[in-house]
Amino acid sequence: MNRQGTECVAYLDIVHSTIRHAECDLLVMSDENSGQRCNLCTSYRSTLRAVLSRHEKHDADTSRTDPSSHASFSRLSSPDKCIRYHREHQLRVAYQRQVTNLQMKLQAATEERGISLDSSLHDDLLQIMQDNAEAVCEAHPSGSFGRVFWETQMKAACLDDARHMRWDPVMVQWCLYLRHLSSSAYEMIRETGTIKLPSQRTLRDYTYHTKAVVGFSSQVDQYLSTVAKLSSCMERDKCVIIIFDEMHIRQDLTFDKHSGGLTGFVDIGDINNHLSQYESQVCNDDIRDSLASSMLVLMIRGLFTNLKFPYAQFPCTELSGDQLFPMIWNAVARLENLGFIVLALCCDGLSSNRKFFRLHDAGSKTPVNKVINPYAHDGDRRYIFFLLDPPHLMKTTRNCWANPKRKLWCNGMDISWDHLKELYMKNRSQGDDAGLSLVPKLKYEHLHLTSYSKMRVDLAAQVLSNSVSKALILAVGPKATQTSRFAEMFNKFFDCLNVSSLSAGKFSRNPFRSPYRSGTDWKLKWLTDVFLVYLDEWEESVKGREGFDKSQKILMMLSAETRQGLRLTVMSFVELVQYAFTIPGVSVFLSNRVCQDPLENFFGQQRQRGRAHENPSVSEFIRNTQALRVISTTCNTIRGNCRGGATISEDLTNAGPLAKRPRRSA
């Protein structure tokens, strides 16, 4: 019955053809009234349809054996694996059939409507290009990529022998970038002859012009000096930081035909190698060389330029802080001798990295966040600041919050992960009922962490966000006050240390994402007077809580390593920014230049070049590094995080002569 008491639907009849509002005024099944809706259903129709679609998707079969499922094979049972493999095989066969059909249609269309090119038609096309050369030159200014591309194609088309072609450096760098995206696609474009491109043999001479070695190399130093344009750049453009981290590699031995030795053993410098062999001989009476299972990479990151250069790599197994010490300071000495100004060292919170920082304490009880640079040229008294990667600090903070063994507590209230789960459940039920959500980005994967999701920075940043902070107060209530403040403080902390563009703060209406304009910027004062004070007050409130022993109080705070890393990074960052604005020509500073994102992207490119196997061997790693050094000077990252894309560098058209491997005489 409707509100007037008229019977509209028979008892126990179920209608599946429509969806109506709970307070609908019209429930009529007669054919003459079909399609009519009350005012409530009309005004809420779009929302109701969204709710219906969401329920239909939720009720649909989302089996883990479906090819579109993201479930890991390691989580499937043997029968489910067989079903999944069979379905994926059927899907691949169907796709292959579609590709074959498209190839046949393309071949038939080419044979039916294609035109064969002869020498006379080539001459006509060349004459048309020559007649319109002036119009093209007027449309594209001198030095632009379009102008260079046009002149190169004109020159290549006029030559009878392609071996006489001398390619412009801009064209070579563009071709290197294309081949980096897909070597097979590049070769297909080249073989068509529509566009004249250099052969891959020529590109290899520009890619592997330096010798593939581990550790430091004088050839790499010379190439880095050329890429950074040290002879003509301003003082601010020489300011760099050193980023270092390790990547897991595949244990393998490879014969090097140039040196006649085997590549794949641990090689962490002459001093460290001798000390490791001596330690093994004393402890185990075994001096056999061990295979490397990880690769330490040192990358140079420009503070005011787009320089991202993988400088050196060292095959290793388990490094200690003592072994890092000579390698890092050797890199600082070499870079300072080249003319760079090394201002900071950035890494993650690995125990060996923290031990390396502690080696500079000189007996001090408080952690040291900076040390005098003994290799500073011209007698300049400069410091090198120690920083931990801010995205890694966000992940460790989130992991402490989500750890069930820890019961975070501050100023009489809990900072509980259960508050976030309660918000998620209320947000989900509210979204199903009304079609709206307080925190639409909060998903199942944010709460139920796996070993893989714990490494994702975006999940940590979305949990410790301003929207989650406000939603906790609205949905959970006053009991989540400290949890809300916790998320708010770390959201602002990450915004301060992840400024990636000049306009991010303006467009997002978030002043914490604005760039730094002076050494007295208000965000620096917020970091020292608000954020660090918040950590101190938290620690003092836990220490003053009665009825708990020391071991229980430790679990009420973030881990000691995380707290120490936060304080170290904030103090170093504030002093680094203040010093940066004393350098002539510095008017703005982007804080994401002290993050490890370029090095993480470099590791991703290494895995991508491995194709079938994501973990390269030592020989493959150093060979890939040769190519990626050239590519890094050609394309720039669009976004500041690790999920950004890439674009051609704006300085590509200003490229000078490129380094090239000399060919052997016959």
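The rules behind the values
Residues numbered from 1 in each chain as written. Predicted model: local features only at pLDDT ≥ 70, side-chain atom pairs only at ≥ 80, totals over all residues. Heavy atoms only, no water. Helix = DSSP H or I, 4+ residues; strand = E, 2+ residues; numbered from the N terminus. Buried < 20%, exposed > 50% of the residue type's maximum accessible area, 1.4 Å probe, protein only. Contact = heavy atoms within 4.5 Å. Areas by Shrake-Rupley, 256 points an atom, 1.4 Å probe, with all protein chains shown as cover. Axes fitted to C-alpha atoms, helices over the stretch in contact; angles between N-to-C directions. Parallel < 35°, antiparallel > 145°, perpendicular 65-115°, else oblique. Left-handed = near helix turned anticlockwise from the far one by under 90°. Nonpolar A, V, L, I, M, F, W, Y, C, P; charged D, E, K, R; others polar. Pairing = 2+ DSSP bridges. Salt bridge = Lys/Arg side-chain N within 4 Å of Asp/Glu carboxyl O. Patch = residues over 30% accessible without salt bridge, like charges linked within 9 Å, V, L, I, M, F, W, Y side chains within 5 Å. Polar contact = N/O pair within 3.5 Å; in protein donor to acceptor, adjacent residues only side chain to side chain. pLDDT = per-residue confidence, 0-100. Phe/Tyr/Trp six-rings, centres within 6.5 Å; stacked < 30°, edge-to-face > 60°. Lys NZ or Arg CZ within 6 Å of the ring centre and 35° of its normal. Disulfide = S-S within 2.5 Å.

Participant: Could you clarify how one ought to interpret the overall build of the protein chain in this entry?
Facilitator: Within the protein chain, the regular secondary structure consists of 25 helices and 12 strands. The buried share of the protein chain, taken over its 666 residues, is 41%. Contacts in the protein chain between residues far apart in sequence, at least 24 positions, make up 68% of those at least 6 positions apart. By element, 51% of the accessible surface of the protein chain is carried by carbon and sulfur atoms, the whole surface being about 37,300 Å².

Participant: Explain the packing of helix α18 (residues 466-476) against helix α19 (residues 481-496) to me, please; I cannot follow it from the model alone.
Facilitator: The relative placement of two packed helices comes down to the angle between their axes together with the axis-to-axis distance. Remark: α18 packs on α19, axes separated minimally by 8 Å, with the N-to-C direction vectors making an angle of 170°. The angle between α18 and α19 falls in the class roughly antiparallel. The crossing of α18 and α19 is left-handed. Contacts from Asn 466, Ser 469, Lys 470, Leu 472 and Ile 473 in α18 reach Thr 481, Thr 483, Ser 484, Ala 487, Glu 488 and Asn 491 in α19. Residue composition of the contact of α18 with α19, grouped by class: 3 nonpolar, 6 polar and 2 charged.

Participant: What is the right way to read the sheet that holds strand β4 (residues 294-302) from this model?
Facilitator: Two strands in a sheet stick together by hydrogen bonds in their backbones, pointing the same way (parallel) or opposite ways (antiparallel). One open sheet accounts for 6 strands, arranged β5-β4-β1-β6-β8-β7; its pairing is mixed. Each edge of the open sheet carries a strand with a single partner, namely β5 (308-316) and β7 (370-372). Across the sheet, the mean angle from the axis of one strand to that of its neighbour is 20°, orientation sign disregarded. Seen against the sheet, helix α25 (residues 618-632) touches β1 (239-248), β4 and β5 and runs at an angle of roughly 175° to β5.

Participant: How should the pairing of β1 be read in this particular structure?
Facilitator: Working note: regular strand, side chains alternate between the two faces of the sheet. Within β1, 8 of the 10 residues are buried, leaving the element largely enclosed by the surrounding structure. Pairing of β1 with strand β6 (residues 341-347) involves 5 bridges; the strand directions are parallel. Its bridge partner being in β6, Val 240 is matched across the sheet by Val 342. With 9 bridges joining them, β1 and β4 adopt antiparallel strand pairing. Each residue of the ladder has a partner; that of Phe 244, found in β4, is Leu 298.

Participant: Would you mind going over the pattern of salt bridges with me for this structure?
Facilitator: Here the idea is simple: oppositely charged side chains can pair when their charged atoms come close. Enumeration over the complete set of coordinates arrives at 22 salt bridges. Where Glu 112 meets Arg 113, a salt bridge forms, and the shortest distance between an N and an O atom there is 3.9 Å. Its relative accessible area of 61% is what places Arg 113 among the exposed residues. Residue Arg 563 is joined to Glu 539 by a salt bridge in which the shortest nitrogen-to-oxygen separation is 3.6 Å. Separated by 24 residues along the polypeptide, Arg 563 in helix α23 (residues 560-580) and Glu 539 in helix α21 (residues 522-543) bring together distant segments of the chain. By relative accessible area, Arg 563 is classed as buried at 13%. Owing to a relative accessible area of 15%, Glu 539 belongs among the buried residues under this scheme. Among the ionic contacts, a cluster of salt bridges with common partners joins Asp 536, Glu 539, Lys 543, Arg 563 and Arg 567.

Participant: What exactly am I supposed to notice about a nonpolar patch on the surface here?
Facilitator: Among the surface-exposed residues, Leu 253, Phe 255 and Leu 262 lie close enough to one another that they form a single nonpolar patch of about 310 Å² accessible area. One can find Phe 255 in strand β2 (residues 254-255). On the basis of relative accessibility, which here comes to 56%, the residue Phe 255 falls in the exposed class.

Participant: Looking at this model, I keep getting lost on unusual backbone geometry. Mind explaining?
Facilitator: Peptide bonds are trans in most cases, and residues, glycine excluded, mostly fall at negative phi. Backbone geometry places Lys 229, a non-glycine residue, at a positive phi of 55°. Among the secondary structure elements, Lys 229 is positioned in the loop between α10 (218-228) and β1. One non-glycine residue, Asn 411, adopts positive backbone phi at about 50°. Tracing the backbone through its elements, the reader meets Asn 411 in the loop between β9 (409-410) and β10 (413-414). For Asn 411, a relative accessible area of 40% puts it in the partly exposed group.

Participant: Help me understand the environment of Leu 350 in this model?
Facilitator: With respect to the element layout, Leu 350 can be found in the loop between β6 and α13 (351-358). Take Leu 350: its relative accessible area is 40%, and that puts it in the partly exposed class. Once the C-alpha coordinates of Leu 350 and Glu 561 are considered, the two residues, 211 residues apart in sequence, prove to be 9.5 Å apart.

Participant: For this particular structure, what's the right way to read the packing of helix α24 (residues 597-610) against α25?
Facilitator: Contact pair α24 / α25: the axes reach a minimum separation of 10 Å and the direction vectors enclose 115°. Judged by the angle between their axes, α24 and α25 are roughly perpendicular. Crossing hand, α24 versus α25: right-handed. Facing Phe 602, Phe 603, Gln 605, Gln 606 and Arg 609 of α24, the residues of α25 in contact are Glu 620, Phe 621, Asn 624, Thr 625, Ala 627 and Leu 628. Classifying every residue of the contact of α24 with α25 gives 5 nonpolar, 4 polar and 2 charged.

Participant: Sorry if this is basic, but what is going on with the side chain of Asp 221 here?
Facilitator: Here Asp 221 lies in helix α10. Within the structure, Asp 221 has its side chain in polar contact with the side chain of Arg 334 (distance 2.6 Å).

Participant: Sorry if this is basic, but what is going on with the confidence of the model for the protein chain here?
Facilitator: Predicted coordinates in areas of low pLDDT are best not read in detail. Residues of the protein chain with pLDDT of at least 70 account for 83%, and the chain-wide mean is 82. For the stretch residues 29-34, pLDDT sits under 50, and the model shows 4 contacts to residues farther than four places along the chain or on other chains. Within the model, pLDDT remains below 50 along residues 636-651, and this stretch shows 36 contacts once partners closer than five positions in the same chain are excluded.

Participant: Looking at this structure, how should I read the packing of aromatic side chains?
Facilitator: Aromatic ring pairs are described here by two measures, namely the spacing of the ring centres and the angle between the planes. Counted according to the given criterion, the structure contains 29 aromatic pairs. Geometrically, the ring pair formed by Phe 493 and Phe 531 is stacked, given 4.8 Å between the ring centres and 10° between the ring planes. Of this pair, Phe 493 sits in helix α19 while Phe 531 sits in helix α21, and the two are 38 residues apart along the sequence. Like Phe 493, the residue Phe 531 is buried in the burial classification. When the ring of Tyr 516 is compared with that of Phe 573, the centres are 5.5 Å apart and the planes differ by 70°; the resulting orientation is edge-to-face. One end of the pair, Tyr 516, is in the loop between α20 (504-508) and α21; the other, Phe 573, is in helix α23, with 57 residues separating them in the sequence. For the residue pair Tyr 516 and Phe 573, the accessibility class agrees, reading buried in each case. An aromatic cluster is defined as three or more aromatic residues linked by ring pairs; in this entry it consists of Trp 401, Trp 417, Phe 486, Phe 490, Phe 493, Phe 512, Trp 522, Trp 526, Phe 531, Tyr 534 and Trp 538. Cation over ring: Lys 523 sits above Tyr 516, and NZ or CZ is 4.5 Å from the ring centre.

Participant: Help me out: how do you make sense of the state of the cysteines in this one?
Facilitator: The bond known as a disulfide is covalent and runs between the sulfur atoms of two cysteines. What the rule picks out here adds up to 0 disulfides. Of the cysteine sulfurs around Cys 346, a residue in no disulfide, the closest is that of Cys 347, at 6.5 Å.

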